Amino acid sequence: MKIVASGTILLLTFSILSFGMPTFVNAQSSELPLSVETDFPGYAENSEIIVSGQVRESSLADYPQDVTIMIISPNGNIVSIAQVSLDSGNQYSYSLTAGGMMSEPGDYTVKANYGAQKAETSFNYFGSSGNAPPPPPPPVIIEEPEPIIEEPEPIIEEPIAIVEPEPEPEPELLCGEGTVMKDGKCVAEKKEGGGCLIATAAFGSEMAPQVQFLREIRDNTVMSTQSGTAFMTGFNQFYYSFSPYVADYERENPVFKEAVKVTLTPMLTSLTLLNYVNVDTEEEMLGYGIGIILLNIGMYFVAPAAAIIVIKNRIKHN
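Calculation notes
Residues numbered from 1 in each chain as written. Predicted model: local features only at pLDDT ≥ 70, side-chain atom pairs only at ≥ 80, totals over all residues. Heavy atoms only, no water. Helix = DSSP H or I, 4+ residues; strand = E, 2+ residues; numbered from the N terminus. Buried < 20%, exposed > 50% of the residue type's maximum accessible area, 1.4 Å probe, protein only. Contact = heavy atoms within 4.5 Å. Patch = residues over 30% accessible without salt bridge, like charges linked within 9 Å, V, L, I, M, F, W, Y side chains within 5 Å. Areas by Shrake-Rupley, 256 points an atom, 1.4 Å probe, with all protein chains shown as cover. Salt bridge = Lys/Arg side-chain N within 4 Å of Asp/Glu carboxyl O. Phe/Tyr/Trp six-rings, centres within 6.5 Å; stacked < 30°, edge-to-face > 60°. Pairing = 2+ DSSP bridges.

(A) Fine view of the overall build of the protein. Secondary structure assignment for the protein yields seven helices and ten strands. The 318 residues of the protein split such that 26% are buried. Put simply, 62% of the contacts in the protein that link residues at least 6 apart link residues at least 24 apart.

(B) Main features of a nonpolar patch on the surface. Together, F231, F235, F238, F242, Y245, L286, I290, I293, L294, I297, F301 and V302 give the surface a local cluster of nonpolar side chains, amounting to about 1200 Å² of exposed area. Of all the elements in the fold, those that place two or more residues in the nonpolar patch are α4 (226-239) and α7 (282-317). Ranked by residue count, the leading element in the nonpolar patch is α7, at seven residues. As for its position among the elements, L294 is in helix α7.

(C) Structural context of the side chain of N113. Relative to the helices and strands, N113 resides in strand β7 (residues 106-114). Ignoring any residue separated from it by four or fewer positions in sequence, one finds N113 in contact with L34, D66, V67, T68, M70 and K118.

(D) Here's a closer look at the packing of aromatic side chains. Summed over all chains, the structure comprises ten aromatic pairs. Ring plane angle 85 degrees and centroid distance 5.4 Å describe the contact between Y43 and F123, whose orientation is recorded as edge-to-face. With Y43 in strand β2 (residues 42-43) and F123 in strand β8 (residues 117-125), this pair connects stretches of sequence that are 80 residues apart. You'll find Y43 and F123 in the same group, each marked buried. With a centroid separation of 5.1 Å and an interplanar angle of 70 degrees, the aromatic rings of Y239 and Y240 are classed as edge-to-face. Residue Y240 is classed as buried on the basis of its relative accessible area of 6%.

(E) Spatial organisation of the pairing of strand β3 (residues 48-54). In β3, alternate side chains face the same way, and those of I49, V51 and G53 are buried while those of E48, I50, S52 and Q54 on the opposite face are not. Note: strand β1 (residues 37-38) against β3, two bridges, orientation antiparallel. Following the sheet pairing, T38 is matched in β3 by V51. Note: β3 against strand β6 (residues 91-97), seven bridges, orientation antiparallel. Opposite G53, over in β6, you have Y92 as the bridge partner.

(F) Summary view of the pattern of salt bridges. Evaluated as defined, the whole model comprises three salt bridges. One salt bridge connects R251 with D248, and the closest N-O pair in it is separated by 3.0 Å. Note that R251 and D248 are positioned in helix α5 (residues 243-252) at a spacing of three residues, about one turn of the helix. Judged by its relative accessible area of 37%, R251 is partly exposed. A residue is classified by how much of its surface remains accessible, and D248, at 13% relative accessible area, is buried.

Shown next as structure tokens:
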């Protein structure tokens, strides 16, 4: 009898524990490896879009790594891309202004990548303020007349003047160049339309002179014409398909980072030519743009090939 009673108690204990295990496992697995969301489901032109999310502790890489955020238009074009660092709570946040390259109203997809982890969400862009859905009419409130209550005349007493000390003005915080005030802190200013991820990783910061030069050439010269805007749309589709991975490898390998920095120097030198010409028409943009592309092809491909052929011929004659 004692053996039967002991076995029954053990069986009940095992049943109770096994009943609680699925709930515990489901609670552990409910947390996504990588999450991404926007602060609102829809935005009008010039509205601020805030993208945020969190990386689960078990998904963190062995070395510091940024979260890559891409915003894709309804027709499949990449309109913005950025790399955002995690804070101490493994959370990230990125903000941009609706408009610019977001020219087409519709549903935009937000994709977030952290190593092998991927997540995505979407939001609706209304376009200009005239395309935004009209607000619902305010509800009609019928006010009932309040009953008139006769009150005795109040006794008016002379007010006593109370002199309050004037509050001391809080010290005004000044942020340096390239930073803006947000929540009482100076943070790096976010630029819409994405950035040169490879150059940023090579030169160490978005505020590096070389990166700022590339951004100014793109925004002030290339994007000032329709042909330049069309070129940047096609170029972004190709460039952002591999640049996040190259930028991550630069941060892991200092030797590769220095090699990329040396490789970018001839291209930066050729782009300085655009500072000495006026690009006011589509024909001038096409002419100068094709000329600089051919110049870079000559520096990066034709000149090395010619040097290799000359060296081979000398080796054969010797």
